[in-house]
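Structural overview
This is what each chain is made of:
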Amino acid sequence: MKKIALVGCTGSIGRQTLSVVRRHPDKFSVCCLISGSASPALEADIAEFSPKTAAAVRGTPAAHGGNTHIFCGEDGALNAVEDSGADIVVVACGGFAGLKYSLLALKMGARLALANKETLVCGGDIIMPIGGEIVPIDSEHSAIWQCLNFNRRAPFKNLIITASGGPFRDKNFDELEGVTPDQALNHPTWKMGAKITIDSATLLNKGYEVIEAHHLYGADYASIKTVIQPQSIIHSMVEFEDGAIYAQLSNPTMELPIQLALTYPERYDCGLQPLDFTKAFSIDFIPLERKKYPMYDLALSCGEAGGVLPTALNAASEEAVGAYLSKKITFCDIWRVSREVVEGVPQAPAQSYEQLAAIDKAARIAAQKAISKRYNVT
């Protein structure tokens, strides 16, 4: 019975993680639940799973008369994870805050089941030297991990990350100025949260996955390729020195990589609808044109430069995406604001969480000022 601390229990990955626990109650128990805010959903989860600890970063969840120790606030949430005695910490929350939970999980000696992109995008330089067990939940990195036979240090020639191309893969960037948030949120193959869906439309998320691959697999950037695979059936590939290419295929679902991160090295049924090879279907590949996706290009530039620049990009893009979803700026302005902020950040090596937190805060302020000044909004 593996004990799971779930950070981000009310989000999309969190809900699916709890579905995995319900599917295999003989293999998993939930010992800690963390949510960004107190909510009926969090309270329902506490009542259902009776974890040892639980917390909301904002607000205080109501006690239910059980044995759950309720914490509150950011420090309280971290204490709840640390006191839970978890074997596995699933970091499924979004944003820079996830880095602190990932650092804690490795300090605890727990398996870090990682869905939070910012942990490696922003903090890869301080996370990876710690060592410990990191297993990816992101479908692309889970696919690579599987193709490498669960050995993140196995030799390879190239990593090939697949992308759906998002809802605008047939358009050029200059055609997207007037697209609405509803259009951008209409992803052709995946159902995800709003921020990551917009990042999929700009392909920023794919740039982030390249940065993550650099850290997770010790890959230099020249050996990480990206190709558009519109059906989202091939989740990523690995090319080996002799020319053989391994690919992981399945219908698009997050429950497979979520469950595998928990059950590894074992595999169990996860309720996935299998591919039907008795029926004809096609798998297409389209070369990725970087000029069509300037946010992808900006992410790669920041990743290759390293240091604090990926943290600045992440913070600026979060603020810009928020402004876009609030209809304060255009779709193309997400790139303009992000680029402006990154260009104003002095380069420096990433050395500590505190340093990166200061960069994150400063970049958010700079992005807010850029949005207010450039677009005359508040």
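In what follows, the structure referred to is the one given above.
Here we summarise the structure given alongside this text. (Residues numbered from 1 in each chain as written. Predicted model: local features only at pLDDT ≥ 70, side-chain atom pairs only at ≥ 80, totals over all residues. Heavy atoms only, no water.)

**Points about the sheet that holds strand E11 (residues 245-249)**
Convention followed: Any two strands with at least two DSSP bridges between them are considered paired. The numbering of helices and of strands both runs from the N terminus, where a helix is a DSSP run of H or I of at least 4 residues and a strand a run of E of at least 2. We call two residues in contact when some of their heavy atoms are within 4.5 Å. In this analysis an axis means a line fitted to C-alpha atoms, helices contributing only their contacting stretch, and an angle means the value between N-to-C directions, from 0 to 180 degrees.
Read from one edge of the open sheet, 5 strands run E11-E10-E8-E9-E12, paired in mixed fashion. Either end of the sheet is taken by a strand with one partner, and the two such strands are E11 and strand E12 (286-287). In terms of strand pairing, strand E9 (residues 224-228) meets E12 through 2 bridges, oriented antiparallel. Paired with Ile228 across the strands is Ile286, a residue of E12. Helix H6 (residues 139-147) contacts strand E8 (158-163), strand E10 (234-239) and E11 of the sheet and is inclined by roughly 40° relative to E10.

**What about the packing of helix H5 (residues 118-127) against helix H9 (residues 204-216)?**
Worth spelling out the cut-off: Small angles under 35 degrees read as roughly parallel and large ones over 145 as roughly antiparallel, with 65 to 115 read as roughly perpendicular and the rest as oblique. Handedness of a crossing follows from how the near helix is turned relative to the far one, being left-handed for an anticlockwise turn of less than a right angle and right-handed for a clockwise one. All amino acids are sorted into three groups, where Ala, Val, Leu, Ile, Met, Phe, Trp, Tyr, Cys and Pro are nonpolar, Asp, Glu, Lys and Arg are charged, and the leftover types, Gly among them, are polar.
Closest axis-to-axis distance for the H5/H9 pair is 9 Å, and the angle between their directions is 25°. With respect to H9, the element H5 is oriented roughly parallel. Relative to H9, H5 is oriented so that their crossing is left-handed. For the pair formed by H5 and H9, the contact residues are Leu120, Val121, Gly124 and Asp125 on the first element and Tyr208, Ile211, Glu212, His215 and Leu216 on the second. In terms of residue class, the contact of H5 with H9 is built from 5 nonpolar, 2 polar and 2 charged.

**Some points on the pairing of E10**
Stated precisely, the cut-off is as follows: Residue burial is assigned from relative accessible area. The probe radius is 1.4 Å, only protein chains are included, and a residue is buried under 20% of its type maximum, exposed over 50%, and partly exposed in between.
Across the 6 residues of E10, 6 count as buried, placing the element largely inside the fold. Pairing of E8 with E10 involves 4 bridges; the strand directions are antiparallel. Bridge pairing in E10 places Asn158 opposite Glu239. Judged from the 5 bridges that link them, E10 and E11 form a sheet pairing that is antiparallel. Within E11, the residue paired with Ile234 across the bridge is Leu249. In this antiparallel pair of consecutive strands, E10 and E11, the connection spans 5 residues, and Gly243 shows a positive phi of 100°.

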